[in-house]
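Each chain is listed here by its residues.
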Amino acid sequence: MSTTRIPPAEVTGMFGRFVKIMTQRMFGTTPESIGVMWHHKQVFKDGMGFGRKVEAWDKLDPNLATYASMAASAAVGCSFCLDLGYYMSHHKGLDEVKAREVPQWRESTVFTPLERRVMEYAEAMCTAPVTVTDELAAALLDDLGPAGLVELTARAGFANYSARSNIALGIRSEEFAEACGLPPLSGRPAEATPVPSSA
């Protein structure tokens, strides 16, 4: 039974057939979330188009980019985004051992100081008001350079948008990672709660 707040529409038409072929090739199924967004195809197309552009950015190490997006998703509490990020890290041949630890990155021992700063920055961008400090931004500017820091900021911002949209629409994990045999994502610490959406 669907748990989304808008019942999924049937994915139809020539473009719909293309979407189903591509998603079934990648995931083995067409995600329910696509049916939700299919009610407004222009929003769906534009969102997917921008997502593809984001994936083409190359000023940030791919692993760092994944950790940043997943940390933003974890901060907001988007299970769909976390599951997808973990699955995609495996699909792209990235460090899936570290990717599965992102939800509890503060407690985990597997991350480097740079990786921790990247995730701290992404998480701080998801608070309201934003809690990025001058010190953290300066350290990352030294680490990544101006272009890298701009990309990190944009990736975290896009992840924040996607995560909040999914939560609002009731879109939850579809267990892509589990379906391909990955170990379960590490859970967030019990005391951790999603960051507030307003001040």
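Residues numbered from 1 in each chain as written. Predicted model: local features only at pLDDT ≥ 70, side-chain atom pairs only at ≥ 80, totals over all residues. Heavy atoms only, no water.

Along its length, the chain carries 9 helices and 0 strands. Here the C-alpha radius of gyration of the chain, 17 Å, is about what a compact globule of 199 residues would show, namely 16 Å. Considering only C-alpha atoms, the chain reaches an extent of 50 × 35 × 30 Å along its principal axes. Residue burial in the chain is summarised as follows: out of 199 residues, 41% are buried. Sequence-distant contacts, at least 24 apart, represent 73% of the contacts inside the chain between residues at least 6 apart. Summed over its atoms, the accessible surface of the chain is roughly 10,600 Å², and 58% of this surface lies on carbon and sulfur atoms. Between the mean site of the 19 positive side-chain charges and the mean site of the 23 negative ones, the chain shows a separation of 8 Å. (Helix = DSSP H or I, 4+ residues; strand = E, 2+ residues; numbered from the N terminus. Rg over C-alpha atoms; globule rule 2.2 N^0.38 Å. Buried < 20%, exposed > 50% of the residue type's maximum accessible area, 1.4 Å probe, protein only. Contact = heavy atoms within 4.5 Å. Areas by Shrake-Rupley, 256 points an atom, 1.4 Å probe, with all protein chains shown as cover. Lys, Arg positive; Asp, Glu negative; His and termini not counted. Charge placed at Lys NZ, Arg CZ, Asp CG, Glu CD.)

Across the interface, helix H4 (residues 62–76) lies against helix H7 (residues 113–125) with an axial gap of 8 Å and an inter-helix angle of 40°. Comparing the axis directions of H4 and H7 gives the class oblique. Along this stretch, H4 crosses H7, giving a crossing that reads as right-handed. Taking contact as the criterion, the partners of Leu-64, Tyr-67, Ala-68, Ala-71, Ala-72 and Ala-75 in H4 are, on H7, Leu-114, Glu-115, Val-118, Met-119, Ala-122 and Glu-123. Partitioned by chemical class, the residues of the contact of H4 with H7 number 10 nonpolar, no polar and 2 charged. (Axes fitted to C-alpha atoms, helices over the stretch in contact; angles between N-to-C directions. Parallel < 35°, antiparallel > 145°, perpendicular 65-115°, else oblique. Left-handed = near helix turned anticlockwise from the far one by under 90°. Nonpolar A, V, L, I, M, F, W, Y, C, P; charged D, E, K, R; others polar.)

Another point: the side chain of Glu-115. Mapping Glu-115 onto the fold places it in helix H7. If sequence neighbours within four positions are ignored, Glu-115 has contacts with Leu-64, Tyr-67, Lys-98 and Val-110.

What follows concerns the packing of H4 against helix H8 (residues 134–169). Across the interface, H4 lies against H8 with an axial gap of 8 Å and an inter-helix angle of 35°. Considering only the axes of H4 and H8, their crossing is right-handed. Residues Leu-64, Ala-65, Ala-68, Ser-69, Ala-72, Ser-73 and Val-76 of H4 pack against Leu-144, Leu-152, Arg-155, Ala-156, Ala-159, Asn-160, Ala-163, Arg-164 and Ile-167 of H8. By residue class, the composition of the contact of H4 with H8 is 11 nonpolar, 3 polar and 2 charged.

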